[in-house]
Amino acid sequence: SSGINAEYGHRPQPPPPLPNPKEVLAQAKMAGKEIKKKKIKSKDKKVMRTAAGDVWDDPSLLEWEDNDFRIFVGDLGNECNDEMLYRAFSKYPSLLKVKVVRDKRSNKTKGFGFVSFKESSDYIKAMREVNGKYIGNRPCKLRKSTWKDRQYTVVKKKNAEKQRLGLKI
């Protein structure tokens, strides 16, 4: 896999950098428009997660869109990085973010990553078209991401419902 798009004969480019917010505000001010700044401190917003009986604050989830369509990408090799993952999904216009999960100490991949889409149609097409395709030197396995199911409030509601129905928790 050379990363060259045979149909067009060139390598896909990553998205252009986002504009500097200060420049955008200055341009809007010059044009006579007033933009209200909405400051959300990341310290104010918390995402509590739970798994295997542990509960913790996961600040990494604040980097992602709230209402996105997210895919879990499994079976990634050690050579795989964010750019390779981006290239594998770059043909879908509503692609928002890609992330290969790495070990904090060794910086080696944990063998999986996530891809986020704004539109459900791109999410569905990607699930059908990319599943089993090679990303690096391994065929990837795609699954619907279950990150929302691990949020503390969701787990708490599910456990309360199970208890109400008399099921084992």
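The shown structure was predicted, so the numbers you read here are calculated from the model rather than taken from an experiment.

Engineer: So what about the nonpolar core? Which residues, and what values?
Structural biologist: For soluble globular proteins, nonpolar side chains are generally found buried alongside one another. Of all hydrophobic cores here, the largest spans 20 residues; its most connected members are Val73, Leu85, Phe89, Val115, Phe117 and Ile135. Every element with two or more residues in this core is listed here: strand S3 (69–74), helix H2 (82–89), strand S4 (95–102), strand S5 (109–117) and helix H3 (120–130). Among the elements that line this core, the one with the most residues is H2, at four residues. Apart from residues lying up to four places away in sequence, Phe89 is in contact with Val73, Leu95, Val115, Phe117, Ala126, Val130, Ile135 and Leu142.

Engineer: Before we move on, could you go through the packing of aromatic side chains and cite the residues and values that matter?
Structural biologist: Following the criterion strictly, the structure yields six aromatic pairs and no others. Considering the side-chain rings of Phe69 and Tyr123, the 6.0 Å spacing of their centres and the 40° angle between planes classify their relative orientation as tilted. Here Tyr123 lies in helix H3 and Phe69 lies in strand S3, a separation of 54 residues in the sequence. Under the relative-accessibility criterion, Phe69 is labelled partly exposed at 32%. For Tyr123, a relative accessible area of 13% gives the class buried. Between Phe72 and Phe114, the ring centres sit 5.8 Å apart and the planes meet at 70°, which makes this aromatic pair edge-to-face. Of this pair, Phe72 sits in strand S3 while Phe114 is found in strand S5, placing the two residues 42 residues apart along the sequence. Through successive ring pairs, a cluster of aromatic residues spans Phe72, Phe112 and Phe114.

Procedures and definitions
Residues numbered from 1 in each chain as written. Predicted model: local features only at pLDDT ≥ 70, side-chain atom pairs only at ≥ 80, totals over all residues. Heavy atoms only, no water. Core = buried A, V, L, I, M, F, W, Y, C linked by side-chain atoms within 4.5 Å. Buried < 20%, exposed > 50% of the residue type's maximum accessible area, 1.4 Å probe, protein only. Helix = DSSP H or I, 4+ residues; strand = E, 2+ residues; numbered from the N terminus. Contact = heavy atoms within 4.5 Å. Phe/Tyr/Trp six-rings, centres within 6.5 Å; stacked < 30°, edge-to-face > 60°.

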